[in-house]
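# Reading the structure
The lines below spell out each chain.
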Amino acid sequence: MEGKGKFIAFEGIDGSGKSTQVRLLAERLRSENIPFYTTMEPTDSPVGSLIHQIMTGRVKADPKVIAALFVADRLDHLLNDVNGISQKIDEGTTVIMDRYYFSSYAYQSVDAPMDWVIQANEQSSAILRPAVNIFIDIDPDTALERIAKSRFQRELFEEKSRLTIVRQKYIEAFDKLQGVEQVAVVDGNGSPKEIAADVWDIVKKCFIMG
Ligand code: ADP
Ligand code: TYD
């Protein structure tokens, strides 16, 4: 394929169905013969591994340090020589990402000022801005029901209030960056197939618009 690949980021609260939709979009791109690469943040790089250790409580860190680590992990994801996605896009590969900087805007702004988090990510947005950020919107109760079915039970009450705030933060970030970022909100309540059809309508437009 000629030219650059498209860069598509999936966003949403935990359990919203992002990884399911990344998989279904990958199947679709494969059937359309579009070269693609799927990936996620946090990554499994050394910085990503440190983030995982902090998130599982094995290492302690201040929320601002965590925000900075996500920035470092993201820049490495974009720029590293082995599988940096910036180069992949330049070479014509479409990259589908499970979470990108809007995840930082939503999750890290719970404990740090959102404008600071956005500023801290300015290098990433300058290097690679998604053709579209696809937000799979779902209420926290539904997300937690899905998580409870598929993973070990967590502190449900605490999780619900946290995810409610994170969802509000996403909406606040989308409002703040209106006109700067392309955002498409998809209803996450349908079946995986129904949602995938909505996602494909959005992604198809990115290819048509060039
Ligand atoms: P995320 O990556 O956003 O955390 P997942 O794709 O892992 O979300 O989905 C969380 C759980 O919900 C998984 O068990 C998945 O099979 C299930 N799931 C995903 N999409 C749907 C859907 N549209 N309807 C019902 N269950 C879903
Ligand atoms: P992920 O593994 O995608 O979780 P899930 O499949 O449940 O959605 O992401 C792990 C966690 O990392 C998730 O709770 C959100 C958080 N996160 C941030 O707080 N900031 C970020 O910038 C990113 C990319 C993720």
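So, here is what we can say about the structure in this document. All of these numbers come straight from a predicted model, not from anything done at the bench.

Let's shift gears to the nonpolar core. Counting 30 residues, the largest nonpolar core has Phe 7, Tyr 100, Phe 102, Tyr 105 and Tyr 170 as its most contacted members. Looking at this core, the elements that each hand over two or more residues are β1 (7–11), α4 (85–90), β3 (94–98), α5 (101–107), α6 (114–120), α8 (140–150) and α9 (156–176). Residues within four places of Tyr 105 in sequence aside, it is in contact with Met 114, Val 117, Ile 118, Asn 121, Ala 173 and Leu 177. Counting 18 residues, the second-largest nonpolar core is a separate cluster that includes Phe 10, Ile 96, Ile 134 and Trp 200.

A few words now on the site of ligand 2. The full set close to ligand 2 counts 13 residues, and Asp 14, Lys 18, Arg 99, Ser 104 and Gln 108 are the nearest of them. At a separation of 2.8 Å, an oxygen atom of ligand 2 approaches a polar side-chain atom of Lys 18. Measuring from a nitrogen atom of ligand 2, one finds a side-chain N or O atom of Gln 108 at 2.7 Å. Sorting the residues of the shell around ligand 2 by element identifies α3 (63–79) and α5 as the ones contributing at least two each. At 3 residues, the largest contribution of residues to the shell around ligand 2 is made by α5. Counted by class, the shell around ligand 2 contains 4 nonpolar, 3 polar and 6 charged residues.

Once that is clear, we can look at the site of ligand 1. Lining the immediate environment of ligand 1, one finds 13 residues, of which Gly 15, Lys 18, Ser 19, Thr 20 and Gly 190 sit closest. Here an oxygen atom of ligand 1 and a side-chain polar atom of Ser 19 are 2.7 Å apart. At 3.2 Å from a nitrogen atom of ligand 1 is found a side-chain nitrogen or oxygen belonging to Arg 146. Protein contact buries 74% of the 560 Å² of open area that ligand 1 shows by itself. Of all the elements in the fold, those that place two or more residues in the shell around ligand 1 are α1 (18–31), α8 and α10 (192–209). Top contributing element to the shell around ligand 1 by residue count: α1, with 3 residues.

What counts and what doesn't
Residues numbered from 1 in each chain as written. Chains lettered and ligands numbered in written order. Predicted model: local features only at pLDDT ≥ 70, side-chain atom pairs only at ≥ 80, totals over all residues. Heavy atoms only, no water. Core = buried A, V, L, I, M, F, W, Y, C linked by side-chain atoms within 4.5 Å. Buried < 20%, exposed > 50% of the residue type's maximum accessible area, 1.4 Å probe, protein only. Helix = DSSP H or I, 4+ residues; strand = E, 2+ residues; numbered from the N terminus. Contact = heavy atoms within 4.5 Å. Near = heavy atom within 4 Å. Polar contact = N/O pair within 3.5 Å; in protein donor to acceptor, adjacent residues only side chain to side chain. Nonpolar A, V, L, I, M, F, W, Y, C, P; charged D, E, K, R; others polar. Areas by Shrake-Rupley, 256 points an atom, 1.4 Å probe, with all protein chains shown as cover.

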